[in-house]
Amino acid sequence: MAGIERRLIRLRTLVHVIAPRAGKAVPEGFRRLIAIEDVSKRYADGTVAVDRLSLQIPDRSITVLVGPSGCGKTTTLRMINRMIEPSSGTIRVDGEDVRARPVNTLRRSMGYVIQNAGLFQHRTILDNIATVPRLLGWSRQRARERAAELMERVGLDPAMARRYPYQLSGGQQQRVGVARALAADPPILLMDEPFSAVDPVVRRGLQEELLRIQGELGKAIVFVTHDMDEAITVGDRIAVLRTGGRLAQFAAPDEILSSPADPFVEEFLGSDRGIRGLSFLSTRDLELDRSRVFSVGSDLREISGRAPEGVPVLVTDADGRPLGWADPGSWDGDVEALEPHGPVFEVGRDSLRVALDRAVLSPTGQAVGVDGSGKVLGVAGQETVAAAIRSARRRRAADAPQEAPAVKAGR
Amino acid sequence: MNGFFDIPSDLQHSYGGLIAVHMQEALFPVLAGLLLALPVGLLCVHYGWLYAPLLWTSTVLYAIPSIAFFVVLIDYTGLTQLTVMIPLCLYSLVVLVPAVVDGIRSVPEETNAAATAMGIGLARRYFQVQLPIAVPAIMAGLRVATASSISLVSVGALIGNQGGLGNLLTTAQLYGRPRLAVTSVVTTAVLAIVIDALLVLLRRVLTPWQPPSGRAAGRSADVAARTPEGVS
């Protein structure tokens, strides 16, 4: 019986390889890798965890499932690798029904990262990472070499290889969890609230690390979280689920922020979606004011001549790095007496959200824009940033039919 | 201490011989109990409804005095060591089955989920994940079962010299030599302590993955693990 089944599967795989793939092309240039088609999960007691959900999850991108508890996001994730079987509907990976393959073979072809890492506490870090390669029949030597390679990729000190999980911090354990999921180089990575149990600073680091790794590897990642901020940070596309397991909206993060589909999504986004949406607008085209920037050696009279009375000027050192604010009327040239300039933003790299934040924090209401090496390019006031926001919004509205930007602002 | 090791010849054993018999009668039942408790404990974890009645049955068995067991068993196994070892084995189950069940249940939910998600089958998961993680709990149960078994063997003296060092107690009464009783009690206690120390050592060897200062540190390591990175 099992033999026949296996032969059938082999036949199906063969057909799959031979069959032309032309029909599957997706306009965005991304292959649809996981297709969730009309999937429901009902439990015996009548609870509906997932209700007729359909999602197309593209390759080489991070798709986030987000929603309040009880919205069926983890259930959906676990139906992809059949830890939970759907009551109805089909899930296909690369066109093939997930039920066509033996369940453990299927699972070994998908990396899985879980909350609290779920490491094997009785195995060393190296052996934890080598788990799936070993299951796939790799030699111990080869599996460990691969594991060592992955430790480096996720930013773990090689000296940790022989340690046990209890000797690592929560953030480090989660890095091991990611490395373990990537060990057999699966095309798909399933992440179930992976960073929920670590503190915000470590979480931020892990999110940035994930984006970096994804930039290098280009997996199809399905990422479950209840935290909308996290969804916006890591997601290329976000599926917002509502209680009862129904899809509320499936779109790119900035689209969700700028036009939530309904009051539920709007409420879930919180009260500051306008500000958060600025994360997706670049400071590249921000108009910077250079007339109020002077280097420390400048003649004081020249300063008071060029800048109107009472308007503070930014003083930089000889290399152009900011030193602080001065009132040209009363400043006597003492660097110590300058008012601190506060945090700066990097023009082109930081978003308008950062620029606005810096302007709000600045004692003069002017945000200091610097280049990659920290040299001042100019200053921008709150009104200037606001004008840039309006014009960016107008441009965006004009380009509306276009897809979301491929590269998201990191900060 | 003069005469501590002098044993009356009708016991048909030297001092060392009595110890060997005693250990054999004490340790084999615990070993058999462990081999029985491992699959039974797994079944109890897998089928939750099984655990309560099983625990209830083994507790009732524990309440039956060994003399009563002997009376029943002598008809089948005679005045042999086996008659002593069967009740001891049943007694060990009352400690070992819960130890195995607690041990397997101590495996964190996310560890089990991770194992499943990585395509580790049920049998492999039991032997390669759950059992190793259950070792500290099982060893704790094993220590209790072994100590109690070592002390209980002496009862075997009641069915004709099958009590190892316990035989010295009846002989002490018979010949009016209380020193023999002291030899018996002291030796039994020392044996129990030595075996216990060996079991602790064995646990350390089997679980290099545990925080060094034992179980209490398990919790503090957990706390440390949640603090920011770079702590290690």
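Residues numbered from 1 in each chain as written. Chains lettered and ligands numbered in written order. Predicted model: local features only at pLDDT ≥ 70, side-chain atom pairs only at ≥ 80, totals over all residues. Heavy atoms only, no water.

The name an unreviewed UniProt entry gives chain B is ABC transporter permease, with Streptomyces populi as the organism. Under the UniProt heading Sequence similarities (unreviewed entry), the note attached to chain B is "Belongs to the binding-protein-dependent transport system permease family." (UniProt positions renumbered as here; feature names shortened; annotations may be inferred.)

A. Fine view of helix α6 (residues 140–153) of chain A. All names here are of chain A. For α6, which comprises 14 residues, the first-to-last C-alpha distance of 20 Å matches the rise-based estimate of 20 Å (1.5 Å per residue) to within 8%. Every buried residue of α6 is listed here: Ala143, Arg146, Ala147, Leu150 and Met151. Taken end-on, α6 shows its buried residues confined to a sector of 145°, consistent with a single buried face. Turned more than 90 degrees from where α6 packs its buried face, Gln141 and Glu152 sit exposed. The elements touched by buried residues of α6 are α4 (125–129), α5 (131–135) and α7 (170–182). Glycine 155, located one to two residues past α6, shows a positive phi value of around 80°. (Helix = DSSP H or I, 4+ residues; strand = E, 2+ residues; numbered from the N terminus. Expected span 1.5 Å × (residues − 1). Buried < 20%, exposed > 50% of the residue type's maximum accessible area, 1.4 Å probe, protein only. Arc of directions from axis to C-beta. Contact = heavy atoms within 4.5 Å.)

B. Highlighting the packing of aromatic side chains. Tallied over the entire structure, the rule returns 6 aromatic pairs over all chains. Aromatic pair B:Tyr47 and B:Trp49: ring centres 6.4 Å apart, planes at 55°, arrangement tilted. Among the residues examined, B:Tyr47 registers a relative accessible area of 40% and is labelled partly exposed. Here B:Tyr126 and B:Phe127 contribute two aromatic rings whose centre-to-centre distance is 5.2 Å and whose plane-to-plane angle is 65°, an arrangement assigned as edge-to-face. Aromatic ring contacts, followed pair by pair, group B:Tyr62, B:Phe69 and B:Tyr91 into a single cluster. Over the ring of A:Phe250 we find A:Arg237; its NZ or CZ atom is 4.7 Å from the centre of that ring. (Phe/Tyr/Trp six-rings, centres within 6.5 Å; stacked < 30°, edge-to-face > 60°. Lys NZ or Arg CZ within 6 Å of the ring centre and 35° of its normal.)

C. Representation of the domain arrangement of chain A in the model. Along its sequence, chain A is carved into domain 1 (29–272) and domain 2 (293–393). Using only C-alpha atoms to locate each centre, domain 1 of chain A and domain 2 of chain A end up separated by 43 Å. (Domains from an automatic or database assignment.)

D. A look at the packing of helix α1 (residues 15–46) of chain B against helix α6 (residues 122–152) of chain B. All names here are of chain B. α6 packs onto α1 with a crossing angle of 140° between their chain directions and a minimal axis gap of 9 Å. For the element pair α1 / α6, the angle class is oblique. Where α1 crosses over α6, the two elements pack in a sense that is right-handed. Across the interface between the two elements, His22, Met23, Ala26, Leu27, Val30, Leu34, Leu38, Pro39, Leu42 and His46 from α1 touch Leu122, Tyr126, Gln130, Leu131, Ile138, Leu142, Ala145, Thr146, Ser149 and Ile150 from α6. Across the contact of α1 with α6, the residue classes break down as 15 nonpolar, 5 polar and no charged. (Axes fitted to C-alpha atoms, helices over the stretch in contact; angles between N-to-C directions. Parallel < 35°, antiparallel > 145°, perpendicular 65-115°, else oblique. Left-handed = near helix turned anticlockwise from the far one by under 90°. Nonpolar A, V, L, I, M, F, W, Y, C, P; charged D, E, K, R; others polar.)

E. Main features of the sheet that holds strand β11 (residues 293–295) of chain A. Residues and elements named next belong to chain A. Taken in spatial order, the 3 strands of this open sheet run β11-β12-β13, and their pairing is mixed. Looking at strand neighbours, the two that pair on one side only are β11 and β13 (322–326), the edges of this open sheet. With direction set aside, neighbouring strand axes in the sheet form an average angle of 30°. Of the strand pairs in this sheet, strand β12 (residues 313–316) and β13 are connected by 4 bridges, and their pairing is antiparallel. Directly across from valine 313, in β13, lies its bridge partner alanine 326. (Pairing = 2+ DSSP bridges.)

F. The arrangement of a nonpolar patch on the surface in detail. A cluster of nonpolar residues, B:Val182, B:Val186, B:Val190, B:Val194, B:Leu198 and B:Leu201, forms a patch on the protein surface that exposes about 510 Å² of accessible area. By the element assignment, B:Val194 lies in helix α8 (residues 178–206). (Patch = residues over 30% accessible without salt bridge, like charges linked within 9 Å, V, L, I, M, F, W, Y side chains within 5 Å. Areas by Shrake-Rupley, 256 points an atom, 1.4 Å probe, with all protein chains shown as cover. Salt bridge = Lys/Arg side-chain N within 4 Å of Asp/Glu carboxyl O.)

G. View of the UniProt feature "domain: ABC transmembrane type-1" (unreviewed entry) in chain B. When the UniProt feature table is mapped onto this chain, "domain: ABC transmembrane type-1" (unreviewed entry) is found at residues 19–203 of chain B. Within residues 19–203 of chain B, the helical portion is 83% and the strand portion 0%, while the C-alpha atoms at the span's ends are 24 Å from each other.

H. Quick peek at the sheet that holds strand β1 (residues 32–42) of chain A. Residues and elements named next belong to chain A. Reading across from one edge, β2-β1-β4-β5 is the order of the 4 strands in this open sheet, with antiparallel pairing throughout. Unpaired on one side and paired on the other, β2 (48–58) and β5 (96–97) mark the two borders of the sheet. Where β1 meets strand β4 (residues 88–93), 5 bridges bridge the pair, whose relative direction is antiparallel. When the sheet's bridge partners are listed, serine 40 is paired in β4 with serine 88. The strands touched by helix α2 (residues 73–80) within the sheet are β1, β2 and β4, with β1 carrying the most contacts at an inclination of about 120°.

I. Focus on the interface of chain B and chain A. If you look at the interface, chain B gives 31 residues, while chain A gives 36 residues. When chain B packs against chain A, close to 2700 Å² is buried across both sides, 58% of that on carbon and sulfur atoms. Counting across the chain B and chain A interface gives 0 salt bridges. The interface formed by chain B and chain A holds 3 residue pairs in polar contact (both at pLDDT 80 or more) in total. Residue classes in the side of chain B that touches chain A are distributed as 18 nonpolar, 9 polar and 4 charged. (Buried area = accessible area lost by both parts, 1.4 Å probe. Polar contact = N/O pair within 3.5 Å; in protein donor to acceptor, adjacent residues only side chain to side chain.)

J. Structural detail: the confidence of the model for chain A. Residue and element names in this part refer to chain A. Model confidence for chain A is summarised by a mean pLDDT of 86, while 87% of its residues fall at 70 or above. Counted against residues more than four places away or in other chains, residues 10–28, with its pLDDT under 50, gives 13 contacts. Every residue in residues 402–411 scores below 50 in pLDDT, and together they form 21 contacts with partners more than four places removed in sequence or on other chains. (pLDDT = per-residue confidence, 0-100.)

K. Expanded view of the nonpolar core. With 49 residues, the main nonpolar core has A:Ile129, A:Met191, A:Phe223 and A:Ile238 as its most contacted residues. For A:Ile129, the contacting residues outside a window of four places in its chain are A:Ala147, A:Leu150, A:Met151, A:Val176, A:Ala179, A:Arg180 and A:Ala183. Counting 42 residues, the second-largest nonpolar core is a separate cluster that includes B:Met23, B:Ala145, B:Leu168 and B:Leu191. (Core = buried A, V, L, I, M, F, W, Y, C linked by side-chain atoms within 4.5 Å.)

L. Expanded view of the pairing of strand β16 (residues 376–381) of chain A. All names here are of chain A. For β16, the buried fraction is high: 5 of the 6 residues fall into the buried class. Pairing of strand β15 (residues 366–370) with β16, which is carried by 5 bridges, proceeds in the antiparallel orientation. What sits directly across from alanine 367, in β16, is alanine 380. Taking the residues between adjacent antiparallel strands as the criterion, β15 and β16 are bridged by 5 residues, where glycine 374 takes a positive phi near 95°.

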